[in-house]
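# Residue-level structure breakdown
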Amino acid sequence: MEMSPAEQERFREILTAHKRELEKRVDRIHEHAREPLEADSSEQAAQLGNVQVVSALENEAVQEITQIDAALRRLEDGRYGVCITCGEDISPKRLEAWPASAECVDCAETSGPR
Ligand SMILES: [Zn+2]
């Protein structure tokens, strides 16, 4: 599938905007993580629990940023919208739902969650 330059530009904008949002989210997570621990030990335990949740959220965001960066590189290379595994076109519907998709539906199903 040949994607028109206008369409590529549209996906570039969606991906860039999404990436900015994720970066802001990571910044906020960092702000939060810098808060000093309470002296009280039960409070400390609760906060440590929070730190774990926070780092899981951060990992998720960082992973998404990585996927978006890869998608932006594929846009640059003219390989955007093509499955990295089988080389088939990724359906437009799938790209609309998740613009950073690297694989077609079939490959994503066989390789499991990214
Ligand atoms: Zn595929």
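Residues numbered from 1 in each chain as written. Predicted model: local features only at pLDDT ≥ 70, side-chain atom pairs only at ≥ 80, totals over all residues.

### A few points about the overall build of the protein
- Check the secondary structure of the protein and you find 4 helices and 0 strands.
- Each helix and strand of the protein, placed in order from N terminus to C terminus, yields the pattern α-α-α-α.
- Counting every position in the protein, which comprises 114 residues, the buried fraction comes to 11%.
- Sequence-distant contacts in the protein: of pairs separated by 6 or more residues, those separated by 24 or more amount to 57%. (Helix = DSSP H or I, 4+ residues; strand = E, 2+ residues; numbered from the N terminus. Buried ≥ 20, exposed ≤ 12 C-beta atoms within 10 Å, placed from the backbone. Contact = placed C-beta atoms within 7 Å.)

### Regarding the confidence of the model for the protein
- For the protein, mean pLDDT is 88; residues scoring 70 or higher make up 86% of the total.
- At the level of individual helices and strands, the protein shows its lowest average pLDDT in helix H2 (residues 41-77), which scores 86, and its highest in helix H3 (residues 92-97), which scores 94. (pLDDT = per-residue confidence, 0-100.)

### Concerning the nonpolar core
- Phe11, Ile68, Ala71, Tyr80, Ala100 and Ala102 together form the largest nonpolar core, which totals 6 residues.
- Aside from chain neighbours lying at most four places away, what touches Ala71 is Leu15, Tyr80, Pro99, Ala100 and Ala102. (Core = buried A, V, L, I, M, F, W, Y, C linked by C-beta atoms within 7 Å.)

### Remarks on the environment of Leu75
- Along the chain, Leu75 turns up in helix H2.
- Exposure remark for Leu75: the 18 C-beta atoms within 10 Å place this residue in the partly exposed category.
- Residues Leu75 and Glu9 lie 66 residues apart in sequence; the distance between their C-alpha atoms is 8.9 Å.
- With residues up to four places along the chain from it excluded, the contact list for Leu75 reads Gln8, Phe11, Arg12 and Tyr80.

### Quick look at the environment of Gln8
- Tracing the backbone through its elements, the reader meets Gln8 in helix H1 (residues 5-33).
- Judged by the 16 C-beta atoms lying within 10 Å of it, Gln8 is partly exposed.
- Between the C-alpha atoms of Gln8 and Gly78, which are 70 residues apart in sequence, the distance is 9.0 Å.
- Filtering out sequence-adjacent residues up to four positions away, Gln8 remains in contact with Met3, Leu75 and Tyr80.

### Observations regarding the environment of Arg12
- Positionally, Arg12 belongs in helix H1.
- Overall, the presence of 16 C-beta atoms within 10 Å leaves Arg12 in the partly exposed class.

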